[in-house]
There are 2 protein chains.
Amino acid sequence: MSSLLATRKDSTTRDRLLDLAETAILQKSFAATSIEELVAGAEISRSGFFYHFKDKGQLAKALLLRYVERDRAILDDIFARGDALNDDPLHGFLVGLRLFAEMTASLPEAYPGCLVAAICYQEQLFDREIRAINRDAVLAWRTRFRARFDRIAALYPPRIEVDLDDLADMASAIVDGGITLSKTLREPLLLSRQVTLYRAFIRAVFLGG
Amino acid sequence: MSSLLATRKDSTTRDRLLDLAETAILQKSFAATSIEELVAGAEISRSGFFYHFKDKGQLAKALLLRYVERDRAILDDIFARGDALNDDPLHGFLVGLRLFAEMTASLPEAYPGCLVAAICYQEQLFDREIRAINRDAVLAWRTRFRARFDRIAALYPPRIEVDLDDLADMASAIVDGGITLSKTLREPLLLSRQVTLYRAFIRAVFLGG
DNA sequence: CGGCGACTGTACCGGAGGTACAGTGACCGG
DNA sequence: CCGGTCACTGTACCTCCGGTACAGTCGCCG
């Protein structure tokens, strides 16, 4: 149960493996990341890897769960701060979007990339379980944003006819697509600008041009 | 030079390999597609594959070039039809977007997926040449849409303050992101709905709510 | 002192990509 | 008819990687 003193270093070996794997996978894909390089980086043996994860798929699963949870925490925090600065659900959301755009802009390199998208394109490598995690994560964002838009629409009747579920999905699409473009073009700020554009659309929908 | 009679079947072996590879890669990623299954599908020997492509990377390159060109042709046709139905650059574009949304909606399964995105997340597997093709393709779309928006903005001064390059990039982001979401959620119509939302945004920018 | 958690080491397997190279049959120009 | 080239086939071989199977080790905890 590890508790206070880890056998090596400060973090547990398992966590170091996950960290190394995440960095490597986002840089060069899951398939191109070998177990060999991970165990070399973590300074353990190959057997050590299979002690922690029964196969590469289990590594992917653990990684995805950690990633989804971390993303959720970050965005929860951002929108909570947006709401703290503003009572109104619309303006709180708009502030949140601006904070998010600023956050993505301040990242050193391009946004680390989105594991959800990365795994979507490599999905056949994985099992049903992993695809379900991915699906649930995306649906959770739809639900969260949809609930927000319902509250907003009650106060600000939409000026443009839109489906609120689609508007919620658009946030995910813009972020995923923005990351992809950002990486492809090697333009780190592209994602931030796309988020800002999405924000302008939300404004137009509920406040008008 | 093959000319009239191919040695086997009607299409050339090389084309059959590309067709098989495209289907397989979009279904289950590049890495998970083995040369073995391609040569089995094309009914040739392993040596035959390496006769046509010196390695898997050359296959990816040929595939990407073919894909990018085909996409360009399809969208050229769609926006040409939009313009044919309407003299105005804005309304021609809006018609084109509707045609595009209809096209993606009518596809049997989800949109076949976007090789550009698929390859972006597996980029380290490939060389500079392939990344350049990808980059150029995306930049070409930015340029094309940007030129269109310049023409539109001359006639319809934007009601919402937006950068026209960003607005052009948004089309690519929405399509890439929409495909990813569509695949992840297994909702074939999601992409079409996102394109329709983008169309609503374009309307709002240039015509107002 | 005994057991368990966190490993290490060794050996082995199959599949995938890739190389090397010799051979073969159809067709084509001279 | 002959030689060459195109489009392959077949065989052999190599490496890397994921994965399996264990047997052994070392430190800590009850």
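Please read these numbers as outputs of a predicted model, since none were measured by experiment. (Residues numbered from 1 in each chain as written. Chains lettered and ligands numbered in written order. Predicted model: local features only at pLDDT ≥ 70, side-chain atom pairs only at ≥ 80, totals over all residues. Heavy atoms only, no water.)

## Points about the packing of helix α8 (residues 164-185) of chain A against helix α9 (residues 190-207) of chain A
Residues and elements named next belong to chain A. Where α8 contacts α9, the axes come no closer than 8 Å and their chain directions differ by 160 degrees. Our classification of the angle between α8 and α9 gives roughly antiparallel. In this structure, α8 crosses over α9, and the sense of that crossing is right-handed. On the side of α8, the interface is formed by L164, L167, A168, M170, A171, I174, V175, G178, I179, L181, S182 and L185, while α9 contributes L190, L191, Q194, V195, Y198, F201, I202, V205 and F206. Taken together, the residues of the contact of α8 with α9 sort by class into 18 nonpolar, three polar and no charged. (Axes fitted to C-alpha atoms, helices over the stretch in contact; angles between N-to-C directions. Helix = DSSP H or I, 4+ residues; strand = E, 2+ residues; numbered from the N terminus. Parallel < 35°, antiparallel > 145°, perpendicular 65-115°, else oblique. Left-handed = near helix turned anticlockwise from the far one by under 90°. Contact = heavy atoms within 4.5 Å. Nonpolar A, V, L, I, M, F, W, Y, C, P; charged D, E, K, R; others polar.)

## A short note on the protein's contact with DNA strand C
Near DNA strand C, the surroundings consist of 16 residues, among which S45(A), S47(A), H52(A), R46(B) and K56(B) are the closest. In DNA strand C, atoms within 4 Å of the protein come from the sugar-phosphate backbone in 50% of cases. One nitrogen or oxygen atom from the side chain of Y51(A) is found 3.1 Å from a phosphate oxygen belonging to DNA strand C. Among the secondary structure elements, those contributing two or more residues to the surface near DNA strand C are α3 (46-52) of chain A together with α3 (46-52) of chain B. Of the residues that constitute the surface near DNA strand C, the class distribution is four nonpolar, seven polar and five charged. (Near = heavy atom within 4 Å. Polar contact = N/O pair within 3.5 Å; in protein donor to acceptor, adjacent residues only side chain to side chain.)

## Describing the UniProt feature "DNA-binding region" (unreviewed entry) in chain A
The positions UniProt marks with the feature "DNA-binding region" (unreviewed entry) are residues 34-53 of chain A. The span residues 34-53 of chain A carries 75% helix and 0% strand; its end-to-end C-alpha distance comes to 14 Å. (UniProt positions renumbered as here; feature names shortened; annotations may be inferred.)

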